[in-house]
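# Chain and residue survey
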2 protein chains.
Amino acid sequence: MRDTTAPRAAELRIDAPHRELLDQVLDKWSLSVLNELCERPCRFNELRRAIPAVTQKSLTATLRRLERNGIVERHVVATRPVAVEYRITPLGKTLRAPIDALLDWADAQMPRIENARRAFDATVE
Amino acid sequence: MRDTTAPRAAELRIDAPHRELLDQVLDKWSLSVLNELCERPCRFNELRRAIPAVTQKSLTATLRRLERNGIVERHVVATRPVAVEYRITPLGKTLRAPIDALLDWADAQMPRIENARRAFDATVE
DNA sequence: CCGTATCCACGCGGATACTG
DNA sequence: CAGTATCCGCGTGGATACGG
């Protein structure tokens with residue numbers, strides 16, 4: 001919680017580490033992956049099926065990035081062939097609330113946004 | 001507001017329009033711009049000075065995108081030379097809360113994230 | 001099943017120069 | 001002052017093929 005008593009704002013600095021973190025955590029496929037893993041642990045190919053548009057390469061990259069940031073865990077079960085299960089971590093769960101806030105915002109404001117886009121596109125034609 | 005009465009999760013769909021909207025609103029420079037404009041209306045070059053790392057081209061693009069989505073307004077004062085003032089709109093202000101939630105999360109969890117990164121990088125070396 | 005390796009196209013964003 | 005125009009490198013992400 002940042003200081004809300006300060007009359008001046010300006011303390012809302014978006015520095016490089018912040019930006020980088022948000023980029024890693026909010027990138028193209030992360031939200032979908034997080035969404036799935038918030039419900040249940042998933043195998044790699046379960047995730048692929050749940051998110052049909054993602055390629056294998058991108059899904060691997062997304063999972064590695066989230067793992068590196070401590071958002072998901074990777075569990076390898078040494079069967080033949082191997083089974084790999086991905087789970088959300090406690091740290092990852094703390095991301096749920098702010099992401100939900102963002103998605104709620106998007107849901108709520110989407111009509112106004114679309115109006116604004118139409119209006120803008122009309123003036124520029 | 002999504003339906004919070006549903007016991008099941010899985011309703012947290014991230015579809016293409018959602019992703020596109022978030023991409024437009026959370027892109028590389030938008031947070032910094034929004035941050036400035038939440039405090040006060042700004043001229044173009046005021047914004048450049050406030051965000052030294054942004055190029056003219058990128059700042060223009062960011063402002064156009066935000067304007068198109070109804071997040072900021074552009075006011076041209078017909079002096080010589082022209083003055084252009086950018087302001088946040090009421091719609092834009094509704095973005096503040098979810099973005100703050102995200103930045104608060106980043107502030108709070110940054111140490112844990114950095115630990116996770118070090119641990120991960122150590123195992124992979 | 002769960003990846004890695006390779007190739008390639010495309011678009012973003014920076015640098016620079018110029019204009020009303 | 002507030003942009004537009006142009007060029008260009010570089011990373012990201014898709015397609016495809018192969019490996020443990």
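This report concerns the structure included in the present document. Nothing here was measured: the structure is a model prediction, and the numbers come from that model. (Residues numbered from 1 in each chain as written. Chains lettered and ligands numbered in written order. Predicted model: local features only at pLDDT ≥ 70, side-chain atom pairs only at ≥ 80, totals over all residues. Heavy atoms only, no water.)

### Considerations on the overall build of chain A
- Helix and strand content of chain A: six helices and three strands.
- Along chain A, from the amino end to the carboxyl end, the secondary structure elements read α-α-β-α-α-β-β-α-α.
- Burial status across chain A gives 43% buried among its 125 residues. (Helix = DSSP H or I, 4+ residues; strand = E, 2+ residues; numbered from the N terminus. Buried < 20%, exposed > 50% of the residue type's maximum accessible area, 1.4 Å probe, protein only.)

### A closer look at the protein's contact with DNA strand D
- In the region of DNA strand D, 17 residues are neighbours, and Lys57(A), Ser58(A), Arg43(B), Gln56(B) and Arg74(B) sit closest.
- For DNA strand D, the fraction of protein-proximal atoms (within 4 Å) that sit in sugar or phosphate groups is 61%.
- Within the side chain of Ser58(A), a nitrogen or oxygen atom sits 2.6 Å from a phosphate oxygen of DNA strand D.
- Backbone polar atom of Asn45(B) to a phosphate oxygen of DNA strand D: 3.0 Å apart, as the coordinates give it.
- Secondary structure elements with two or more residues in the surface near DNA strand D: α4 (56–68) of chain A together with α3 (44–50), α4 (56–68) and β3 (83–88) of chain B.
- For the surface near DNA strand D, the element with the highest residue contribution is α4(B), accounting for four residues. (Near = heavy atom within 4 Å. Polar contact = N/O pair within 3.5 Å; in protein donor to acceptor, adjacent residues only side chain to side chain.)

### Some thoughts on the pattern of salt bridges
- Counted by the stated rule, this structure contains 16 salt bridges over all chains.
- Across the salt bridge formed by Asp27(B) and Arg65(B), the nearest N and O atoms sit 2.5 Å from each other. Here Arg65(B) lies in helix α4 and Asp27(B) lies in the loop between α1 (16–25) and α2 (30–39), a separation of 38 residues in the sequence.
- Exposure remark for Asp27(B): the relative accessible area of 17% places this residue in the buried category.
- If you follow the salt bridges from partner to partner, you end up with Glu36(A), Glu39(A) and Arg40(A) in one network. (Salt bridge = Lys/Arg side-chain N within 4 Å of Asp/Glu carboxyl O.)

### Comments concerning the pairing of strand β2 (residues 72–77) of chain A
- The pairing of β2(A) with strand β3 (residues 83–88) of chain A spans six bridges and is antiparallel. Paired with Arg74(A) across the strands is Tyr86(A), a residue of β3(A). (Pairing = 2+ DSSP bridges.)

### Observations regarding the relation of the copies chain B and chain A
- If you rotate chain B by 180° and push it 0.0 Å along the axis, it lands on chain A with an RMSD of 0.1 Å. What we have between these two chains is a two-fold relation. When each C-alpha of chain B is compared by its distance to the rotation axis, Pro98(B) comes out closest, at 3.3 Å.
- Interface overlap between copies is the fraction of interface residues in one copy that are interface residues in the other; for chain B against chain A it reaches 100%, indicating a shared surface. (Least-squares fit on C-alpha atoms with pLDDT ≥ 70 in both. Contact = heavy atoms within 4.5 Å.)

### Some words on the sheet that holds strand β2 (residues 72–77) of chain B
All names here are of chain B.
- Judged by pairing direction, the sheet is antiparallel, and its three strands sit side by side in the order β1-β3-β2 without closing on themselves. The open sheet has two free edges, formed respectively by β1 (42–43) and β2, since each of these has just one partner strand.
- Packing of α2 onto the sheet brings it into contact with β1, β2 and β3, and relative to β3 it is tilted by some 95°.
- Sitting on the sheet, α4 is in contact with β2 and β3, with an inclination near 110° to β2. (Axes fitted to C-alpha atoms, helices over the stretch in contact; angles between N-to-C directions.)

### As for the interface of chain B and chain A
- Counting residues at the interface gives 51 residues for chain B and 52 residues for chain A.
- Taken over both partners, the interface formed by chain B and chain A buries close to 5,100 Å², and the fraction arising from carbon and sulfur atoms is 63%.
- Counting across the chain B and chain A interface gives four salt bridges.
- The shortest N-O distance in the salt bridge between Asp121(B) and Arg68(A) comes to 2.5 Å.
- The interface formed by chain B and chain A includes 14 residue pairs in polar contact (both at pLDDT 80 or more).
- Elements with a minimum of two residues in the side of chain B that touches chain A: α1, α2, α4, α5 (90–93) and α6 (96–124) of chain B.
- Element by element, the count of residues in the side of chain B that touches chain A is highest for α6(B), at 18 residues. (Buried area = accessible area lost by both parts, 1.4 Å probe.)

### Here's the deal with the packing of helix α1 (residues 16–25) of chain A against α6(B)
- For the pair α1(A) and α6(B), interaxial distance at closest approach is 10 Å and the crossing angle is 85°. Accordingly, the angle class assigned to the pair α1(A) and α6(B) is roughly perpendicular. Along the contact surface, α1(A) presents Pro17(A), His18(A), Glu20(A), Leu21(A), Leu22(A), Gln24(A) and Val25(A), while α6(B) presents Leu102(B), Leu103(B), Trp105(B), Ala106(B), Asp107(B), Met110(B), Ile113(B) and Arg117(B).
- Counted by class, the contact of α1(A) with α6(B) contains ten nonpolar, two polar and three charged residues. (Parallel < 35°, antiparallel > 145°, perpendicular 65-115°, else oblique. Nonpolar A, V, L, I, M, F, W, Y, C, P; charged D, E, K, R; others polar.)

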